[in-house]
Amino acid sequence: LTGRPQNFVRIKLGRMRVRVIGLHGNRQNRMGPGMLKLLARAKKRFAGIRGMQVERKPAGFVVHYRNVGKAGLAGVERSIRSFAKGADATVLNGRKSLEFLPLGSKSKADALAAILRRNKRRLVLYVGDDQSDAEAILMAIGNRNFRGALIRSREVKAGGIRKISR
């Protein structure tokens, strides 16, 4: 289960026989007019800010800020959160990034819940490294057929890691 397109991950895995669910389990292949306008606003708002990148995806986009220096990080995070509050979109947390998708889009937690429901007699393993993974793992912890691990990173809130390790 990944936020990347399925084909991108499939290429990386080679011949490994595993099921890949891309784009958080969402099936949209194209950006609608509303998302295109929001993307244009994001590009304009964050243009020229060192260490920031706006990445287009099939149905939405991601605002990355992991390369912003420590001195400007707090201001950049406030600016991104402010932009997200006014967005007519589903906003997902990532590793120093926010992903903007059409309203009603699934999160990793939504997709993982569906996987668990369909596989009650199978053990579901989940390994993640960002805030959206932490949220998915927290949602799934009570399921008997679930085992999850969050790889520690500076970019995942420590509170999520403590809760997961109970």
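Data block above holds the structure.
Quick caveat: nothing in here was measured; it's all calculated off a predicted structure.

Colleague: Can you lay out the pairing of strand 4 (residues 97-101) for me, pointing to particular residues and giving the numbers?
Modeller: Taken across its 5 residues, strand 4 has 5 buried, putting it largely inside the fold. The alternating pattern of strand 4 places Ser 97, Glu 99 and Leu 101 on one face and Leu 98 and Phe 100 on the opposite face, and all of these are buried. As defined by bridge partners, strand 2 (residues 61-64) adjoins strand 4 across 4 bridges and the pair is classed as antiparallel. Each residue of the ladder has a partner; that of His 64, found in strand 4, is Ser 97. Between the antiparallel neighbours strand 3 (residues 90-94) and strand 4 lie 2 residues, among them Lys 96 with a positive phi of about 45 degrees.

Colleague: Any details on the nonpolar core? Residues and values, ideally.
Modeller: In this structure, Leu 38, Met 52, Phe 61, Ile 80 and Phe 100 are the most contacted members of the largest nonpolar core, which totals 20 residues. If you list the elements that add at least two residues to this core, you get helix 2 (33-46), strand 2, helix 3 (70-85) and strand 4. Phe 100 has contacts with Met 35, Leu 38, Gly 60, Phe 61, Val 63, Phe 83, Ala 84, Ala 87, Ala 89, Thr 90 and Val 91, leaving out every residue within four places of it along the chain. Residues Val 124, Tyr 126, Ala 136 and Phe 146 belong to the second largest nonpolar core, which totals 13 residues.

Colleague: Explain the packing of helix 4 (residues 108-118) against helix 5 (residues 131-140) to me, using residue names and the numbers behind them.
Modeller: Direction vectors running N to C along helix 4 and helix 5 enclose 35 degrees, while the axes themselves pass 8 Å from each other. Relative to helix 5, the crossing made by helix 4 is right-handed. Between helix 4 and helix 5, the contacting residues are Lys 108, Ala 109, Leu 112, Ala 113 and Leu 116 on the first element and Ser 132, Asp 133, Glu 135, Ala 136, Met 139 and Ala 140 on the second. Looking at the contact of helix 4 with helix 5 residue by residue, the classes come out as 7 nonpolar, 1 polar and 3 charged.

Parameters at a glance
- Residues numbered from 1 in each chain as written.
- Predicted model: local features only at pLDDT ≥ 70, side-chain atom pairs only at ≥ 80, totals over all residues.
- Heavy atoms only, no water.
- Buried < 20%, exposed > 50% of the residue type's maximum accessible area, 1.4 Å probe, protein only.
- Helix = DSSP H or I, 4+ residues; strand = E, 2+ residues; numbered from the N terminus.
- Pairing = 2+ DSSP bridges.
- Core = buried A, V, L, I, M, F, W, Y, C linked by side-chain atoms within 4.5 Å.
- Contact = heavy atoms within 4.5 Å.
- Axes fitted to C-alpha atoms, helices over the stretch in contact; angles between N-to-C directions.
- Left-handed = near helix turned anticlockwise from the far one by under 90°.
- Nonpolar A, V, L, I, M, F, W, Y, C, P; charged D, E, K, R; others polar.

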